[in-house]
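Here is how the chains run, residue by residue.
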Amino acid sequence: MTYAITQTCCADATCVAVCPVNCIHPTPQERAFGSTEMLYVDPRACIDCGACADACPVDAVVPVDQLTGPQRAYADINAAYFADAPAPERPDGSPNFHVWDRPTFDRNLPADFRPLRVAVVGTGPAGMYTAQDLLLHTDAEVTLVDRLPVAGGLVRFGVAPDHPATKKIGDTFARFHAHPRVRMLLGLEVGEHVSAEELAAHHDAVVYAVGASADRRLGIPGEDLAGSVSATTFVAWYNAHPDVAPDAVDLSAERVVVVGNGNVALDVARILVTDPERLVGTDIADHALRALRDAAVREVVVLGRRGPQDAACTRPELLALTHLPGVDLVVDDHDPRIAGAIEAAGPQETAAVLRTVRREKVDWSQAPGAGRRIVLRFHSAPTEIVAGDEASVRAVRVTGGSGDTLVPAASVLRAIGYRGTPVPGLPFDEATGTVPHDAGRVTGLPGTYVVGWIKRGSSGGIGANRACAAETVSSLLADAVAGVLTEPAHPARSFARLARRRVPRLVDARGMAAIDRAERLRGEPDGRPRKKLGTVAELVTASRRKATR
């Protein structure tokens, strides 16, 4: 029996580090690692030790003989990755089939290296991978800062509720919340409550892991009509983000058009047509669950500007869409290039997933049918969101190989990517939506660093932040050794005192644990993992409650 890596793979390569025979690829040292959508186990070399499964933070590694239903495809997907590679041969005297890379020692800290005081702004994956690296490999003291009174970032507010295994990586990060060298200050906004200069004066270094919270604009007429909403807002809405009101989304339309076909677009489409009763056992926001139960949505049209060979989603996410219970998946066969691209796709290409999906020329003059379905329409760039009565969405005009088409819809969700917003006190590149940097070092600000999407743009999933954080931490430590960093001008505890003077009701690690406990207790009666608290006031109040059991 061998193991296979499945849909929930986060590609942070924790499994690579523990594999005793080097059978998981691509490794972080291989060029393909930077662009891979998941990792793969070579069934020819796997020795069935289970070390990778034990280490995986998102339960993505499963014995092949335990794969069931749609997951069975991953046995072939893992094997196919190695199909064109020569059969590995065991070198003389070695237990490994795959040859190890030469060891590298990129960090060389002197024996008298003093403990650093580092602030990490943002508690999503990028920030927590940074904190983890510092805590495990140095004696640094870490101050975790977040503008919201609850930790989690992308894991809490970006992962779809029907992906509970992916959310499990949050448990890995939560171990560090109560670390003896960590101080949490949640509900503190840099630029609002404290300045970047004040933060820097109290720490040796500051790492900004603030993500990319804004949506990219389409730049077409009608984009701001009522009924046109960003996927950023929709995702935050169903994940109970305090910044988005419960009534921010209207689901009264029978047909919804989603512009974009990346993973977020597929998440949005899937949530809109999934039977709400299948979401009852998740941590979806209460208001979102109620709205989905009453929703009129029966059809979601996913627009892709290019062909299926260039779909922005990953193969695992598209494969999952083909097995969505009670939902019909259709490819709009309006352009002859579509079928050709699907049939020509190689076994490892995303478009090959669509070979078994029904293709038809959709008649857009007809209303959605009685069932629920998702229509993938490629070679379709929106040129206008057409207004109806009362300045609301009536249709979307798209252009493609078949000419202009009007797709009637009363709701449009824009899912063409995220972009960063300016960070007070830091330089900002408007063109890329990122902070200018060199290997994580913020340009012109010694001792200030960036990590995650604010560093590299909105590319890569949760696991990509691990390598990104390692690069930034390496730069930080190299600067410390070189004497570039300025020692803090204030004692260790003075920043926390300053922060509490500015924001008396800050949430610390004990308060974060109280929030987690309260949400889990709220979910227990309904068999849910948790019922999220969705406002700042609710979160702060819960953080002050003492454990009752």
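A quick note: this is a predicted structure, and the numbers were derived from the prediction, not measured. (Residues numbered from 1 in each chain as written. Predicted model: local features only at pLDDT ≥ 70, side-chain atom pairs only at ≥ 80, totals over all residues. Heavy atoms only, no water.)

Details of the overall build of the protein
Part 1 of the reasoning: In terms of helices and strands, the protein carries 18 helices and 23 strands.
Part 2 of the reasoning: Here the protein has a C-alpha radius of gyration of 24 Å; the compact-globule value for 549 residues is 24 Å, and the two agree.
Part 3 of the reasoning: Projected onto the principal axes, the alpha-carbon positions of the protein cover approximately 70 × 70 × 50 Å.
Part 4 of the reasoning: The buried share of the protein, reckoned over its 549 residues, is 53%. (Helix = DSSP H or I, 4+ residues; strand = E, 2+ residues; numbered from the N terminus. Rg over C-alpha atoms; globule rule 2.2 N^0.38 Å. Buried < 20%, exposed > 50% of the residue type's maximum accessible area, 1.4 Å probe, protein only.)

Some remarks on the side chain of Asp479
Part 1 of the reasoning: The residue Asp479 is located in helix H15 (residues 464–481) in this model.
Part 2 of the reasoning: In this structure Asp479 comes out as buried when scored by relative accessible area, which is 9%.
Part 3 of the reasoning: With residues near it in sequence (within four places) discarded, Asp479 still touches Arg441, Tyr449, Val484 and Leu485. (Contact = heavy atoms within 4.5 Å.)

With respect to the packing of helix H9 (residues 231–238) against helix H10 (residues 263–273)
Part 1 of the reasoning: As a packed pair, H9 and H10 sit with axes 10 Å apart at the nearest point and diverge in direction by 50°. Here H9 lies oblique to H10, going by the angle between them. Every pair of crossing elements has a handedness; the one defined by H9 and H10 is left-handed. Every residue of H10 that contacts H9 at Ala231, Phe234, Val235 and Tyr238 is listed here: Val264, Asp267, Val268, Ile271 and Leu272.
Part 2 of the reasoning: For the contact of H9 with H10, a count of residues per class yields eight nonpolar, no polar and one charged. (Axes fitted to C-alpha atoms, helices over the stretch in contact; angles between N-to-C directions. Parallel < 35°, antiparallel > 145°, perpendicular 65-115°, else oblique. Left-handed = near helix turned anticlockwise from the far one by under 90°. Nonpolar A, V, L, I, M, F, W, Y, C, P; charged D, E, K, R; others polar.)

Considering the state of the cysteines
Part 1 of the reasoning: Considering all chains together, one arrives at zero disulfides under this definition.
Part 2 of the reasoning: Cys9 carries a free sulfur, and the closest cysteine sulfur to it, the one in Cys10, is 6.0 Å from it.
Part 3 of the reasoning: This cysteine, Cys15, is not joined by any disulfide, and Cys9 carries the nearest cysteine sulfur, 6.3 Å off. (Disulfide = S-S within 2.5 Å.)

Here we look at the pattern of salt bridges
Part 1 of the reasoning: Taken as a whole and judged by the stated rule, the model has 38 salt bridges.
Part 2 of the reasoning: Notably, a salt bridge pairs Asp133 with Arg107, separated by 2.8 Å at the nearest N-O pair. Placement of the pair is Asp133 in helix H4 (residues 125–137) and Arg107 in the loop between helix H3 (73–81) and strand E5 (117–121), with a sequence separation of 26 residues.
Part 3 of the reasoning: Using a relative accessible area of 9% as the deciding quantity, one classes Asp133 as buried. (Salt bridge = Lys/Arg side-chain N within 4 Å of Asp/Glu carboxyl O.)

Thoughts on the sheet that holds strand E14 (residues 358–360)
Part 1 of the reasoning: In spatial order, the strands read E10-E19-E11-E12-E15-E13-E14; together these seven strands make up an open sheet with parallel pairing. Edge positions in the sheet fall to strand E10 (228–230) and E14, since each of these pairs with one other strand and no more. Direction aside, the axes of adjacent strands within the sheet are offset by 25° on average.
Part 2 of the reasoning: Together, E10 and strand E19 (411–414) form the strand contacts of H9, whose direction differs from that of E10 by roughly 70°. (Pairing = 2+ DSSP bridges.)

Overview of the side chain of Glu299
Part 1 of the reasoning: Here Glu299 is to be found in strand E12 (residues 299–303).
Part 2 of the reasoning: Overall, the relative accessible area of 1% leaves Glu299 in the buried class.
Part 3 of the reasoning: Within the structure, the side chain of Glu299 is placed 2.6 Å from the side chain of Arg373, a separation counted as a polar contact.
Part 4 of the reasoning: Contacts of Glu299, omitting those with residues within four sequence positions, involve Glu254, Arg255, Val256, Trp364, Pro368, Arg373 and Val375. (Polar contact = N/O pair within 3.5 Å; in protein donor to acceptor, adjacent residues only side chain to side chain.)

Notes on the sheet that holds strand E18 (residues 405–408)
Part 1 of the reasoning: On the basis of which strands lie adjacent, the open sheet formed by three strands has the order E16-E17-E18 and antiparallel pairing. Only two strands of the sheet have a single neighbouring strand rather than two, namely strand E16 (380–387) and E18. This sheet shows a mean twist of 30° between the axes of neighbouring strands, independent of strand direction.

So, the pairing of strand E15 (residues 372–377)
Each regular strand displays side chains that alternate between the two surfaces of the sheet.
Part 1 of the reasoning: The element E15 is largely enclosed, with a buried count of five among its six residues.
Part 2 of the reasoning: The pairing of E12 with E15 spans five bridges and is parallel. Counted as the bridge partner of Val301 is Val375 from E15.
Part 3 of the reasoning: Across five bridges, the pairing between strand E13 (residues 327–332) and E15 is parallel. Across the sheet, residue Leu329 finds its bridge partner in E15, namely Ile374.

Re the packing of aromatic side chains
Part 1 of the reasoning: All chains considered together, the criterion is met by six aromatic pairs.
Part 2 of the reasoning: Ring centres 5.1 Å apart and planes at 80° place the aromatic pair Tyr81 and Phe82 in the edge-to-face group.
Part 3 of the reasoning: Looking at Phe82, the relative accessible area reads 5%, which means it is buried.
Part 4 of the reasoning: Relative to Phe173, the ring of Tyr129 has its centre 5.0 Å away and its plane inclined at 85°; by these criteria the two rings are edge-to-face. Here the residue Tyr129 occupies a position in helix H4, and Phe173 occupies one in helix H7 (residues 169–174), the gap between them amounting to 44 residues. The same class applies to Tyr129 as to Phe173, namely buried.
Part 5 of the reasoning: Through a chain of ring-to-ring contacts, three or more aromatic side chains come together here, namely Tyr40, Tyr81 and Phe82. (Phe/Tyr/Trp six-rings, centres within 6.5 Å; stacked < 30°, edge-to-face > 60°.)

Observations regarding the nonpolar core
Part 1 of the reasoning: Counting residues in hydrophobic clusters, the biggest one holds 123 residues, and the most contacted among them are Ile5, Ile24, Leu39 and Ile374.
Part 2 of the reasoning: Counting residues per element, this core draws most heavily on H10, which supplies seven residues.
Part 3 of the reasoning: Here Ile24 is in contact with Ile5, Cys15, Val16, Cys19, Leu39, Tyr40, Val41 and Cys52, once residues within four sequence places are set aside.
Part 4 of the reasoning: Within the second largest apolar cluster, 24 residues are counted, among which are Leu185, Ala196, Val442 and Val450. (Core = buried A, V, L, I, M, F, W, Y, C linked by side-chain atoms within 4.5 Å.)

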